[in-house]
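Single-letter residue listing:
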Amino acid sequence: MTDSSPPALSSDHAFAPLRNDTFLRACLGQATNYTPVWLMRQAGRYLPEYRALRAQAGSFMGLATNVDYATEVTLQPLERYPLDAAILFSDILTVPDAMGLGLTFQPNEGPQFAHPVRDEYDVARLAVPDMDRLRYVFDAVRSIRHALQGRVPLIGFAGSPWTLACYMVEGQSSADYATIKTLLYSRPDLLHRLLATNADSVAAYLNAQIDAGAQAVMLFDSWGGVLADGAFQTFSLAYTARVLQQLRRTGADGQPVPRIVFTKGGGPWLAAMRALDCDVLGVDWTVNLGAARQLLNNSGGQTAPSARQSLQGNLDPAVLLAPPAVIKAEVQRTLAAFGTPDTTHENGQRSCQLIFNLGHGIKQNTPPEHVAALVQAVHAHSRQMRQASRSSAA
Ligand code: CP3
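The structure presented is a predicted model; accordingly, all values stated were derived computationally and were not measured. (Residues numbered from 1 in each chain as written. Predicted model: local features only at pLDDT ≥ 70, side-chain atom pairs only at ≥ 80, totals over all residues. Heavy atoms only, no water.)

### A few points about the overall build of the protein chain
When helices and strands are tallied, the protein chain shows 15 helices and 9 strands. In terms of C-alpha radius of gyration, the protein chain reaches 20 Å, essentially the compact-globule figure of 21 Å for 394 residues. In terms of overall dimensions, the protein chain has C-alpha extents of about 70 × 45 × 45 Å along its principal axes. Counting all 394 residues of the protein chain, 56% fall into the buried class. Of the contacts made within the protein chain by residues no fewer than 6 positions apart, 77% connect residues no fewer than 24 positions apart. Of the roughly 15600 Å² that the protein chain leaves accessible, carbon and sulfur atoms contribute 49%. Separation between the mean location of the 32 positive side-chain charges and that of the 33 negative ones in the protein chain comes to 5 Å. (Helix = DSSP H or I, 4+ residues; strand = E, 2+ residues; numbered from the N terminus. Rg over C-alpha atoms; globule rule 2.2 N^0.38 Å. Buried < 20%, exposed > 50% of the residue type's maximum accessible area, 1.4 Å probe, protein only. Contact = heavy atoms within 4.5 Å. Areas by Shrake-Rupley, 256 points an atom, 1.4 Å probe, with all protein chains shown as cover. Lys, Arg positive; Asp, Glu negative; His and termini not counted. Charge placed at Lys NZ, Arg CZ, Asp CG, Glu CD.)

### Structural notes on the packing of helix α13 (residues 289-297) against helix α14 (residues 324-338)
In a pair of packed helices, the angle between the axes and the distance between the axes together describe the arrangement. The geometry of α13 relative to α14 is characterised by a closest axis approach of 6 Å and an angle of 25 degrees between their N-to-C directions. Judged by the angle between their axes, α13 and α14 are roughly parallel. In the packing of α13 onto α14, the handedness of the crossing is right-handed. Together, Leu289, Gly290 and Arg293 of α13 and Thr334, Ala337 and Phe338 of α14 make up the contact between the two elements. Considering only residue class, the contact of α13 with α14 consists of 3 nonpolar, 2 polar and 1 charged. (Axes fitted to C-alpha atoms, helices over the stretch in contact; angles between N-to-C directions. Parallel < 35°, antiparallel > 145°, perpendicular 65-115°, else oblique. Left-handed = near helix turned anticlockwise from the far one by under 90°. Nonpolar A, V, L, I, M, F, W, Y, C, P; charged D, E, K, R; others polar.)

### Looking at the packing of aromatic side chains
Enumeration according to the criterion identifies 8 aromatic pairs in this entry. Each ring, one from Phe157 and one from Phe220, has its centre 5.5 Å from the other, and the planes form 85 degrees; the classification is edge-to-face. A residue pair is termed long-range when its members are at least 10 positions apart, and Phe157 in strand β4 (residues 154-159) and Phe220 in strand β5 (residues 216-221) qualify at 63 residues. We note that Phe157, like Phe220, is buried. A connected cluster of aromatic rings, assembled from ring pairs, spans Tyr50, Phe60, Phe89 and Phe105. (Phe/Tyr/Trp six-rings, centres within 6.5 Å; stacked < 30°, edge-to-face > 60°.)

### What about unusual backbone geometry?
For the bond from Gly313 to Asn314, the omega torsion is -5 degrees, close enough to zero to count as cis. With respect to the element layout, Asn314 can be found in strand β8 (residues 310-315). A positive phi is found at Arg41, a non-glycine position, where the angle reads about 65 degrees. Topologically, Arg41 is positioned in the loop between α1 (22-27) and α2 (48-57). Judged by its relative accessible area of 54%, Arg41 is exposed. Positive phi, normally seen in glycine, also occurs at Gln149, with a value near 50 degrees. In this fold, Gln149 is placed in the loop between α7 (135-148) and β4.

### Description of the pattern of salt bridges
A side chain of one charge can pair with a side chain of the opposite charge if their charged atoms are brought near each other. According to the stated counting rule, one finds 14 salt bridges in the structure shown. The salt bridge involving Arg249 is made with Asp277; its shortest N-O contact spans 2.6 Å. Of this pair, Arg249 sits in the loop between α11 (231-246) and β6 (259-263) while Asp277 sits in the loop between α12 (270-273) and β7 (280-282); the two residues are 28 residues apart in sequence, bridging distant segments of the chain. Note that Asp279 and Arg350 form a salt bridge whose closest N and O atoms lie 2.8 Å from each other. Taken together, the positions of Asp279 in the loop between α12 and β7 and Arg350 in the loop between α14 and β9 (354-358) put the pair 71 residues apart, joining distant regions of the chain. Residue classification places Arg350 among the partly exposed residues on the basis of a relative accessible area of 22%. (Salt bridge = Lys/Arg side-chain N within 4 Å of Asp/Glu carboxyl O.)

### As for the packing of helix α9 (residues 178-186) against helix α10 (residues 188-212)
Running from N to C, α9 and α10 cross one another at 115 degrees; their axes reach a closest spacing of 5 Å. Taken together, the axes of α9 and α10 are roughly perpendicular relative to one another. Of α10, the residues touching α9 (which contributes Ile180, Leu183, Leu184, Tyr185 and Ser186) are Pro188, Leu190 and Leu191. Residue composition of the contact of α9 with α10, by class: 7 nonpolar, 1 polar and no charged.

### Overview of the nonpolar core
In terms of nonpolar packing, the biggest core is built from 130 residues, with Phe23, Trp162, Leu191 and Leu374 touching the most fellow members. Here this core takes 14 residues from α10, the largest share from any one element. When near neighbours in sequence (up to four residues on either side) are disregarded, Trp162 contacts Ile180, Leu184, Leu191, Leu195, Asp221, Trp223, Gly224, Val226, Leu227, Phe235 and Ser236. (Core = buried A, V, L, I, M, F, W, Y, C linked by side-chain atoms within 4.5 Å.)

### A few points about the sheet that holds β7
On the basis of which strands lie adjacent, the open sheet formed by 7 strands has the order β1-β4-β5-β6-β7-β8-β9 and parallel pairing. The strands lining the two open edges of the sheet, one partner per strand, are β1 (86-87) and β9. Inspection of the sheet shows β5 paired to β6 by 5 bridges, in the parallel sense. Bridge assignment links Leu219 to a residue of β6, and that residue is Val261. (Pairing = 2+ DSSP bridges.)

### Description of the side chain of Thr163
Relative to the helices and strands, Thr163 is located in helix α8 (residues 161-170). Contacts of Thr163, omitting those with residues within four sequence positions, involve Ile92, Phe220, Asp221, Ser222, Trp223 and Gly224.

### Considerations on the confidence of the model for the protein chain
Confidence in the prediction for the protein chain averages 94 pLDDT; 94% of positions are at 70 or higher. In the predicted structure, residues 303-307 sits below a pLDDT of 50 and forms 11 contacts with residues beyond four places in sequence or in another chain. (pLDDT = per-residue confidence, 0-100.)

### Overview of the site of the ligand
The environment of the ligand is made up of 24 residues, and the closest members are Arg45, Tyr50, Arg54, Ser222 and His360. Within the backbone of Arg41, one N or O atom sits 2.7 Å away from an oxygen atom of the ligand. Taken by itself the ligand offers 870 Å² of open surface, and the protein chains cover 89% of this. Elements that contribute at least two residues to the shell around the ligand include exactly α2 and β3 (110-113). Grouping the constituent residues of the shell around the ligand by class yields 14 nonpolar, 6 polar and 4 charged. (Near = heavy atom within 4 Å. Polar contact = N/O pair within 3.5 Å; in protein donor to acceptor, adjacent residues only side chain to side chain.)

See the structure below:
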């Protein structure tokens, strides 16, 4: 498969210089003045302005496939809150849709594939899609970069090969993943073929996003945590590694492009994930950030390609349903669990930094003003922690 991403025009490289690099610095293990924050699903149904535009577009895919809508929706949360990163407005399921599986989103029912992958014949027909079928995504990346005018970096993303396979085989969201697990245990050869195709598709897709202007990329392994120990390593982790191996290191502006891997429920396998060639590990609320930080900082020698990853997470999204005073206290607890970040930067050595986020996507019934309280608390309290540690050291 050749990379068929559209050739970049020279004017595409004239993106405005970045004015807030806090998120990128933390991803790369460099010290920052405060802890950067962004939220999974920060553009979405909890925002009335999102619901209004979605009604205008008629459907979720109507929003995602229209460059102007996708740009506007991406910027909506940034107009309200001083977030430290933007994330492309799209969906992980665009890739299997481009493979010909026929994606629709039924209101209040979630995604649905018209042609799920069920047998040997279905698997044999799958191939890495022509990236031209996903051109609307790369066009949106370019458009969002221009609209951002260097305010904050833009994160591109894709689903992990395993998480995409869950939807491709089940045909929709699932409570127990019985169909794909039946395939896993009875025909692992078929699942391996499917996962290899997914990995190569996701790599081509993320590389095209990087070429279009994405400044960091994130893999969502939302359902890695449903796997048994052993199965996770074989059917999820190995294919995440296969994606990472193929990714470009440098973006359209010539800057390094940090890679984030988020495995929901991946806490038990952090030690194994440390070996991934990525910059950040995203964790959910079941993980203690202090313990995870210790694990990443004690990688014992330099065996891993990137010895120390940063962490991203991990507030329970349900906290945002509680009053602002509770949100503030829970933010402080989360920052305290991680501890004061390293503020020195010896010999260009990376240290494990924190990127504040939720442990999964923001809930639909979250009051928008609660998000304002969260962002404010992260910025203010994380500055205070650094000041307190500097004055106690002086
Ligand atoms: O984070 C962002 O703001 C960027 C946009 C984004 C969306 N989906 C928009 C979306 C991102 C990063 C995703 C990723 C995604 N999509 C994941 C991984 C993250 C996770 O939540 O675990 C998964 C599993 C999907 C698949 C998906 N898309 C489902 C299951 C659903 C329906 C259920 C739901 O949460 O609504 C979607 C639809 C979807 N993707 C919506 C949004 C804003 C809601 C659609 C609508 O407007 O009705």
